[in-house]
Amino acid sequence: MTARLADIAAQAGVSEATVSRVLNGKPGVAAATRQAVLAALDVLGYERPVRLRQRSEGLVGLITPELENPIFPALAQVIGQALTRQGYTPVLATQTPGGSTEDELTEMLVDRGVDGIIFVSGLHADTSADMGRYERLRAQGVPFVLVDGFSPQVRAPFISPDDRAAMSLAVTHLASLGHHRIGLALGPQRFVPVQRKIEGFTSAMRERLGLSEAETASLVEHSLYTLEGGQAAATALIDRGCTAVVCASDMMALGAIRAARGLGLEVPVDISVVGFDDSPLIAFTDPPLTTVRKPVPAMGQAAVRTLLEEIAGTPAPQSEFVFMPELVVRGSTASAPAAGPGASR
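Sequence order as written defines residue numbering, which begins from 1 separately in each chain. Predicted model: local features are reported for residues with pLDDT of at least 70 only, side-chain atom pairs are reported and counted for 80 or more only, and whole-chain, interface and lining totals are derived from all residues. Water and hydrogen atoms play no part in the side-chain values, which are based on all heavy atoms of the structure.

**Re the nonpolar core**
Residues Ile182, Leu184, Phe201, Met205, Val246, Cys247 and Val273 are the most contacted members of the largest nonpolar core, which totals 43 residues. Looking at this core, the elements that each hand over two or more residues are helix H7 (163–176), strand E6 (182–186), helix H8 (192–209), helix H10 (227–239), strand E8 (244–247), helix H11 (250–262) and strand E9 (272–277). Listed in part, the 24 residues of the second largest apolar core include Val78, Ala82, Val147 and Leu307. The nonpolar core is taken to be a set of buried Ala, Val, Leu, Ile, Met, Phe, Trp, Tyr and Cys residues, with the residues joined through side-chain atoms within 4.5 Å. Three exposure classes are used, based on accessible area relative to the maximum for each residue type with a 1.4 Å probe and protein chains only: buried under 20%, partly exposed in between, and exposed over 50%. Strands here mean DSSP runs of E at least two residues long; helices mean DSSP runs of H or I at least four residues long; both are numbered from the N terminus.

**Re unusual backbone geometry**
Here the bond from valine 267 into proline 268 is cis, since omega is 10°, no more than 30 degrees from zero. A cis amide bond, omega -5°, links aspartate 286 with the succeeding residue proline 287. The backbone phi angle of serine 121 is positive, close to 50°, even though this residue is not glycine. Along the polypeptide, serine 121 turns up in the loop between strand E3 (116–120) and helix H6 (132–139). By relative accessible area, serine 121 is classed as partly exposed at 25%. Within the chain, leucine 281 stands out as a residue other than glycine whose phi angle is a positive 75°.

**Comments concerning the sheet that holds strand E7 (residues 220–222)**
One open sheet holds the 6 strands; their spatial order is E7-E6-E8-E9-E10-E12, and the pairing between them is mixed. Edge positions in the sheet fall to E7 and strand E12 (326–328), since each of these pairs with one other strand and no more. Shown here is a sheet whose adjacent strand axes are inclined to one another by a mean of 20°, direction ignored. At least two DSSP bridges between two strands are required for those strands to pair. Note: strand E10 (residues 290–293) against E12, 3 bridges, orientation antiparallel. Within E12, the residue paired with threonine 291 across the bridge is valine 328. Lying on the sheet, H8 is in contact with E6, E7 and E9; it crosses E6 at an angle near 175°. Fitting a line to C-alpha atoms yields each axis, with helices limited to the stretch in contact; the angle taken between N-to-C directions then spans 0 to 180 degrees. In what follows, a contact means two residues having at least one pair of non-hydrogen atoms within 4.5 Å.

**A word on the environment of glycine 300**
As for its placement among the helices and strands, glycine 300 is situated in helix H12 (residues 296–311). In this structure glycine 300 comes out as buried when scored by relative accessible area, which is 0%. Here the alpha-carbon distance between glycine 300 and alanine 244, two residues 56 residues apart in the chain, equals 31 Å. Here glycine 300 is in contact with Leu75, Val78 and Ile79, once residues within four sequence places are set aside.

**Quick look at helix H2 (residues 16–23)**
Among the residues making up H2, those that are buried are Thr18, Val19, Val22 and Leu23. Taken end-on, H2 shows its buried residues confined to a sector of 135°, consistent with a single buried face. A positive phi of about 70° marks glycine 25, the residue just after H2. An arc is given here, and it is the one of the directions from the helix axis to the C-beta atoms.

**Some details on the pattern of salt bridges**
Where charged atoms from two side chains of opposite charge approach closely, those side chains can pair. Just to be clear on terms, a salt bridge is a Lys or Arg side-chain nitrogen sitting within 4 Å of an Asp or Glu carboxyl oxygen. Counting across every chain of the model gives 14 salt bridges. The partner of arginine 190 in a salt bridge is aspartate 126, with the nearest N and O atoms 3.0 Å apart. On the criterion of sequence distance, the pair formed by arginine 190 in the loop between E6 and H8 and aspartate 126 in the loop between E3 and H6 is long-range, its members being 64 residues apart. On the basis of relative accessibility, which here comes to 38%, the residue arginine 190 falls in the partly exposed class. Given the relative accessible area of 8%, aspartate 126 is considered buried. Put simply, glutamate 320 and arginine 196 hold a salt bridge, and the shortest N to O gap is 2.8 Å.

**A short note on the sheet that holds E3**
Across a sheet, strands are paired by hydrogen bonds formed along the backbone, either parallel or antiparallel in direction. In spatial order, the strands read E2-E1-E3-E4-E5-E11; together these 6 strands make up an open sheet with parallel pairing. Across the chains shown, the open sheet's two edge strands, defined by having one partner strand only, are strand E2 (88–94) and strand E11 (320–323). Here the strands of the sheet are splayed against their neighbours by 20° on average, with no regard to which way each runs. Bridging between strand E1 (residues 58–64) and E2 involves 7 bridges; their strand directions are parallel.

**Remarks on the pairing of strand E5 (residues 158–161)**
Put simply, side chains in a regular strand alternate between the two faces of the sheet. Here E5 shows no split at all, with Phe158 and Ser160 on one side and Ile159 and Pro161 on the other all buried. As judged from the 2 bridges shared by strand E4 (residues 144–147) and E5, these two strands associate in the parallel manner. For valine 147, the partnering residue across the bridge sits in E5 and is isoleucine 159. When E5 meets E11, the two strands line up parallel, connected through 4 bridges. Residue isoleucine 159 lies in a different strand from E11, and its bridge partner there is phenylalanine 321.

Structure (structure tokens):
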């Protein structure tokens, strides 16, 4: 115990006697000093005594799609940490194929008395879904925030990346490398982020390369947000003569690289690939993936801040908070080959 007191005292910059007074709840210690000792406990990995732990404010639900795509656990971690710092306990509810639906998970969380819910890439992003479910949730008095998606029919705050700007960044980068046949691989058309990416891609292809909307449409391939989906979409785009493929997720981009290799092409010598998200570990792929980084920390923290304002009774107006992505250039993009995919071989 003496050694532990000494460690905490050194970390906090106070005496062992002061540490002892704080741990035993004794008076006579300045608030700032007390906080420094508690912070030292946290940094060194010691558990706070029960009486010194922050009182839990309540539960907050977090509903995400499947966790196989590493961007969702990354976002869940940011949101969970931000909630915990404010004294809330996050409750993660994950949708899986054949498992609970968003509506079932919402009902479960409401039954457990959560103070609010954060929806990530939920039905609010699906233009074919009934948005009445969110009005019914609001009528129950449950505050909520919607991440990655938008609907003018829903009275709620939205948190989104700028999908149009993301595509502009990718196309501008590839055009600067001499690529003219740039393909876009993304998910089903009915999702709002997909529609926005197509708008941004079409605009960038017109501005950078002078392509018409009809010409650009032939370079867009819809598939699934999976490695296999990216592989299928990239195969189709390479068959159309694309020397570069922009993918709507890093998982799809890994599938595109697999597709290229399956066709005997080398990335980035014969074909360039750009992802989207900058998921954890994606910098360590072979080759390291050039990608458009989704601003996950800023989006997660904004979602929590906005929800807590809703819970406190000072809701933000119905609006969408849009965050700028960032191009991260690594090793999967290079100058366009002389005459289409495989020309350098």
